Amino acid sequence: MGQVANVLRAATLGLAALAFAPTEMSAQTGPVRADILVLNQDRLLNQTAYGARIQQELEAASQALANENRRIEEQLTTEELELTALRQTLAADEFRVLADEFDARVRDIRAAQDAKTRDLQSQAEAAQQRFFEETVPLLLEIVQQRGASVLLDSRTVLLSAGGVDITDAAITLIDERLGNGGEDPLISVPGLDLTAPDE
């Protein structure tokens, strides 16, 4: 029984390999024509020049914001220590006025930095949305050329033949038609210095 099971298992694996291997005809006649195609959207965003630029600008802006927050925190810590030192030389009511002013300024600064963080997140989402909107016509072009009727995200597909994945073809076409997305910044947070050196 064990030998029979091994033979059946080997035969099953052999059939599976044949089912998902490209045929000679496919290799000779170009892309496989199928009703259903699949696409890896993560690769599309990470490996096209346009998508990679979004990621690079997001990382640069995030780093600049982190650096700015660090500088502000150091400055406020210094001011707080100076204010604490004045407590020994000022009347209680005078110190309370300065302390309240400092606390109010800290709240305003935190609110401003939080607003920059939200703005950065919104711009990143908008840039990615714009990327996918601009790539839809190109993906549709590939789908129509392949004679397919459905395009699925590869993350929802358990198994597929290699010829139905159009990710490589899509990356090539997007790079050819859209380049890196244009000259204008894709992510730009007002008041954030992207030229400041990393700390």
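Scroll up to find the structure this text is about.
As the structure is a prediction and not an experimental result, all values here were calculated from the model.

Draft legend 1. Main features of the environment of L76. When you line up the elements, L76 lands in helix α4 (residues 49-86). As for L76 and R105, which are separated by 29 residues in sequence, their C-alpha atoms are 9.6 Å apart.

Draft legend 2. Main features of the pattern of salt bridges. Scanning the entire structure with this criterion turns up 7 salt bridges. E68 is the salt-bridge partner of K116, the closest N and O atoms lying 2.8 Å from each other. Of this pair, K116 sits in helix α5 (residues 92-145) while E68 sits in helix α4, and the two are 48 residues apart along the sequence. For K116, a relative accessible area of 15% gives the class buried. Owing to a relative accessible area of 13%, E68 belongs among the buried residues under this scheme.

Draft legend 3. Representation of the packing of aromatic side chains within the structure. Taken as a whole and judged by the stated rule, the model has 2 aromatic pairs. When the centroid spacing of 5.1 Å and the interplanar angle of 90° are considered together, the rings of Y50 and F131 count as edge-to-face. With Y50 in helix α4 and F131 in helix α5, this residue pair connects regions lying 81 residues apart in the sequence. With relative accessibility at 1%, the residue Y50 sits in the buried group. When its relative accessible area of 0% is taken as the criterion, F131 is described as buried. Consider the rings of F131 and F132, whose centres lie 5.1 Å apart with planes at 75°: the pair is edge-to-face. On the basis of relative accessible area, F132 is assigned to the partly exposed category, the value being 23%. Ring pairs connect the aromatic residues Y50, F131 and F132, which therefore count as one cluster.

Cut-offs used in this document
- Residues numbered from 1 in each chain as written.
- Predicted model: local features only at pLDDT ≥ 70, side-chain atom pairs only at ≥ 80, totals over all residues.
- Heavy atoms only, no water.
- Helix = DSSP H or I, 4+ residues; strand = E, 2+ residues; numbered from the N terminus.
- Salt bridge = Lys/Arg side-chain N within 4 Å of Asp/Glu carboxyl O.
- Buried < 20%, exposed > 50% of the residue type's maximum accessible area, 1.4 Å probe, protein only.
- Phe/Tyr/Trp six-rings, centres within 6.5 Å; stacked < 30°, edge-to-face > 60°.

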